[in-house]
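Fold and contact review
The chain contents come next:
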Amino acid sequence: MTAPIVRFAPSPTGRIHIGNARTALLNYLFAKRGGGQFILRYDDTDLERSTREFADGIATDINWLGIKPDHVIRQSERFDLYDEAANRLRAMGKLYACYETEEELERKRKRQAARHLPPVYDRAALKLTDEEKAAFEAEGRKPHWRYLLDDRSVTWTDLVRGPSHVESASLSDPVLIRADGSYLYTLPSVVDDIAMGVTHVIRGEDHVTNTGVQIQIFETLSGSSPQFGHHNLLTNASGEGLSKRLGHFSIASLREVDMEPMAVASLAVLVGSSEAVRAVPSMDELGALVDLSRLSRAPAKFDEHELDGLNARLLHQLPFADVSARLAKLGISAHEAFWLAVRGNLARLGDAAQWADIVAGLIKRPDGLDADFLKSALECLPSEPWDHETWGAWTTKVKEATLRKGKDLFMPLRLALTGLEHGPELKLLLPLIGEQQARLRLA
Ligand code: GLU
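A few points on the structure. (Residues numbered from 1 in each chain as written. Predicted model: local features only at pLDDT ≥ 70, side-chain atom pairs only at ≥ 80, totals over all residues. Heavy atoms only, no water.)

1. Some points on the sheet that holds strand 1 (residues 5–8)
One open sheet accounts for 3 strands, arranged 1-2-3; its pairing is parallel. Edge positions in the sheet fall to strand 1 and strand 3 (71–74), since each of these pairs with one other strand and no more. Going from strand to strand, the sheet's axes swing by 25° on average, the running direction of each strand aside. When strand 2 (residues 37–42) meets strand 3, the two strands line up parallel, connected through 4 bridges. If you follow Leu40 over to strand 3, its bridge partner there is Val72. (Pairing = 2+ DSSP bridges. Helix = DSSP H or I, 4+ residues; strand = E, 2+ residues; numbered from the N terminus. Axes fitted to C-alpha atoms, helices over the stretch in contact; angles between N-to-C directions.)

Laid out in structure tokens, this is it:
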């Protein structure tokens, strides 16, 4: 197989959500696994709703997820290509001018409904004479342009769904160009896919019908079409579709609450796949788990609570090298021993700040600790140098001196040293706190 070329094609009319991220990641992992390329294409032909801020935000979001596009293109800079393709289609008789107003089309649909017919456009415009067209134009009407579909079954072998087909006879000829001259998504997408040599179009299953139409346009313009894969969509926990407009689970919001990108990527990719959902630490490992042909056909539920658990599990296994720069950015002074001591107690990376403070001495010791017990413990405390054996050796001595054991022995020490009932293993924490601080806290 030649190396795949794929694209992720968001319209920059909002920020991307976890479902869009699923599409981006499935494309990226597919391309990288095949040694191929990933194109970020902004579908910004809607000049009113698309903004540069949203486009830049989407780039930030996918970079954060670990996706590095090989090329970035903007449809708003490529209208010449679309005009040229439209002219070719007109010359071939595949793109025809229509003059119906929205109200007239609505009336046609109502008449069809009354006769129990499907609401398929009747191609009345194909029969217009030049005089009739001139009369419409004289009235001030501007044409919109429809693609003349072949009435046939369009078939393809879907990378996810296997053998697939769309019956074109049950579809209206799609409008490619509106009366105001603007392009709908259908044609520019095909033109760019051809121009960029896209080999695989991987997108949500809400695009299956588009694929039936677009394969016809691909074949008309270039004689062949790419392969297609339509993945299942993500819903929220109660089964409702996600909305970019409503800002559901935006990648930006997950980043703001300090989620790990690989936790988000792991869930976005593995939910609704044949693999158990788990926190995968790297893109390469995640890529090795993705098999489009084994994605579920049913919609997959995205549960943010599951994300919390994955995030914690991911942090618990991350090496210091992967987090040191981010800890520094969060203003947390850390070194490897500190990280290895505290990582198992973190739900979010930022929680490490609390433990840095505690190690540094910013603790609030609870009232009511047994002063006599702590005095004995202090007397047993060995001198530095300390290592991971120190805690065990010290508490054995305290146990002998005070005859306490279990929780009665350990809890007051933990409370005195950290101010909290729970936390990292004290055998790891004690050497970080150090003798001087420990003595102050026990006194
Ligand atoms: N802009 C389209 C969308 O966001 C792209 C669909 C496609 O991948 O072709 O739905």
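Don't stop here, the text continues.
2. As for the layout of surface pockets
Estimated volume of the largest pocket: approximately 900 Å³. In this structure, the largest pocket is lined by 36 residues; those nearest its centre are Ala9, Ser11, Asp206, His207 and Lys244. Looking at the lining of the largest pocket, the elements with two or more residues in it are strand 1, helix 1 (18–33) and strand 9 (200–204). If one sorts the elements of the lining of the largest pocket by residue count, helix 1 sits on top with 5 residues. Classifying every residue of the lining of the largest pocket gives 11 nonpolar, 15 polar and 10 charged. (1 Å grid on protein atoms, 1.4 Å probe; cavity = no way out; pocket = protein on both sides within 12 Å on 5 of 7 lines; lining within 4 Å. Points joined across faces, edges and corners; volume = space filled by probe spheres on them. Nonpolar A, V, L, I, M, F, W, Y, C, P; charged D, E, K, R; others polar.)

3. Describing the nonpolar core
Ranked by size, the top nonpolar core spans 91 residues in total, and within it Ile18, Trp339 and Trp394 carry the most contacts. Residues within four places of Ile18 in sequence aside, it is in contact with Leu234, Leu242, Phe249, Ile251, Leu254, Val264, Ala268 and Phe302. In terms of nonpolar packing, the next biggest core, distinct from the first, is built from 39 residues, Ile39, Ala85, Trp156 and Phe218 among them. (Core = buried A, V, L, I, M, F, W, Y, C linked by side-chain atoms within 4.5 Å. Buried < 20%, exposed > 50% of the residue type's maximum accessible area, 1.4 Å probe, protein only. Contact = heavy atoms within 4.5 Å.)

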